[in-house]
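A structural walkthrough
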Amino acid sequence: MSNSRIHKITAWTLFLIVISAYMIMAVKFPLAFIKATYEDLIGEWMQVFFFVAVLIFSLRLAMARSRFRIFFAVLALAAFYAAGVEISWGQRLLGLSSPEVFQKYNLHNFLTGPFNTAMKQSLEYILFTGLTVYGLVFPLALRFRWRPAQWIESKGLPAPPLYLWPFFVISGILELGLMKFNEAEIAEILIPIGLSVIAEHYWVEQRMKSSPDLNLHASRRLALIILITATSVVTSAALVTSLEYGSPRLKALIESRLLNGIEKFANRYKDYERWEA
């Protein structure tokens, strides 16, 4: 094993931890799975803080001298928007309400539900295709020096490092909702993790003037950044969730939402003889 693969092993380990944790909760601990996938709880806050990481590193790259500046500037804006949408721009935290028309027809609901419509299904397959093409096909095409892919990259679209393909391909599959198990929420944590590592990878490459494959020193530095980011995200998400439970209003809101979630998921667990928290 080459030492220059340290960052890759770190990213793969993070992927396996996330996938394994969610799958174990889904199969053995359904109440924990609900808590990990519902609004205002640790799972959603992890999504938010990983998007914050994407925002921070993308902004740094957008200010660097690189042909990818525009891409990372757009990615920073997208990360800011995604983080804001995940927490409804702080409205739930502050006790504010949106006009009914925005609650019913906002872009997030349009893309993700709650109803299973032909439009929603089409968007799911488009998302699956986009994630697979960008996360796997594009970097593979560059690896084999396919000229159209090289031309696209030369115009300012950076490819994800190939070792990140599981984050995008598996996310695309989960977004299809084939298991009808709310598994798209798992994709919503994998995608910002993958995007954050992309930004971190390019930042390390640019800062340390390393090749795309990263030398030993750069590999170690990126691995450390990935670990620090993941640890900071989990800690911050746990802290914010704990603070929410310290507010009587937010605690009541969260518990009411959890009860709705339990009722919604009851039929999906009908083959289980018991629930484990």
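The structure this text deals with has already been given above.
In what follows, the accompanying structure is described.

Rules used throughout
- Residues numbered from 1 in each chain as written.
- Predicted model: local features only at pLDDT ≥ 70, side-chain atom pairs only at ≥ 80, totals over all residues.
- Heavy atoms only, no water.
- Helix = DSSP H or I, 4+ residues; strand = E, 2+ residues; numbered from the N terminus.
- Contact = heavy atoms within 4.5 Å.
- Areas by Shrake-Rupley, 256 points an atom, 1.4 Å probe, with all protein chains shown as cover.
- 1 Å grid on protein atoms, 1.4 Å probe; cavity = no way out; pocket = protein on both sides within 12 Å on 5 of 7 lines; lining within 4 Å.
- Points joined across faces, edges and corners; volume = space filled by probe spheres on them.
- Nonpolar A, V, L, I, M, F, W, Y, C, P; charged D, E, K, R; others polar.
- Salt bridge = Lys/Arg side-chain N within 4 Å of Asp/Glu carboxyl O.
- Axes fitted to C-alpha atoms, helices over the stretch in contact; angles between N-to-C directions.
- Parallel < 35°, antiparallel > 145°, perpendicular 65-115°, else oblique.
- Left-handed = near helix turned anticlockwise from the far one by under 90°.
- Phe/Tyr/Trp six-rings, centres within 6.5 Å; stacked < 30°, edge-to-face > 60°.
- Buried < 20%, exposed > 50% of the residue type's maximum accessible area, 1.4 Å probe, protein only.

1. Side note on the overall build of the chain
Scanning the chain for helices and strands turns up 13 helices and zero strands. Ordering the α and β elements of the chain from the N terminus gives α-α-α-α-α-α-α-α-α-α-α-α-α. Put simply, 69% of the contacts in the chain that link residues at least 6 apart link residues at least 24 apart. Carbon and sulfur atoms form 65% of the exposed surface of the chain, whose accessible area is close to 15400 Å².

2. Things to note about the layout of surface pockets
Gaps between atoms show up when a probe of the same size as a water molecule is rolled over them. Approximately 600 Å³ is the volume attributed to the second largest pocket. Of all the elements in the fold, those that place two or more residues in the lining of the second largest pocket are helix H1 (6-28), helix H8 (118-143), helix H9 (147-154) and helix H11 (184-207). Of the residues that constitute the lining of the second largest pocket, the class distribution is 10 nonpolar, four polar and seven charged.

3. A few points about the pattern of salt bridges
All told, the structure shown has one salt bridge when counted by the stated rule. In this structure, Glu153 engages Arg67 in a salt bridge whose closest nitrogen and oxygen atoms are separated by 3.9 Å. One end of the pair, Glu153, is in helix H9; the other, Arg67, is in the loop between helix H3 (42-62) and helix H4 (69-86), and 86 residues separate them in sequence.

4. Quick look at the packing of helix H2 (residues 30-37) against helix H13 (residues 248-265)
Relative orientation and spacing of two packed helices are given, respectively, by the angle between their axes and the distance between those axes. Axis separation between H2 and H13 bottoms out at 10 Å; the angle between their running directions is 125°. Classed by the angle they form, the pair H2 and H13 counts as oblique. Where H2 crosses over H13, the two elements pack in a sense that is right-handed. Only Leu258, Gly261, Ile262 and Phe265 of H13 make contact with H2, whose side of the interface consists of Leu31, Phe33, Ile34 and Lys35. Each residue belonging to the contact of H2 with H13 can be placed in one class, and the counts come to six nonpolar, one polar and one charged.

5. Some points on the packing of aromatic side chains
Inspection of every chain in the model, using the stated rule, returns nine aromatic pairs. Pairing Phe57 with Trp203 gives two aromatic rings, centres 5.7 Å apart and planes at 75°, and the pair type is edge-to-face. Pair noted here: Phe57 is in helix H3 and Trp203 is in helix H11, with a separation of 146 residues, a long-range link. For the pair Phe57 and Trp203, one class covers both residues: buried. Geometrically, the ring pair formed by Phe68 and Tyr202 is edge-to-face, given 5.6 Å between the ring centres and 80° between the ring planes. Linking Phe68 in the loop between H3 and H4 with Tyr202 in helix H11, this pair joins segments that are 134 residues apart in sequence. The two residues Phe68 and Tyr202 agree in class, both being buried. One aromatic cluster is present, built from ring pairs that chain together Phe68, Phe71, Phe72 and Tyr202.

6. A closer look at the side chain of Thr132
Position of Thr132 among the secondary structure elements: in helix H8. Not counting residues up to four positions away in its chain, the partners in contact with Thr132 are Val137 and Val169.

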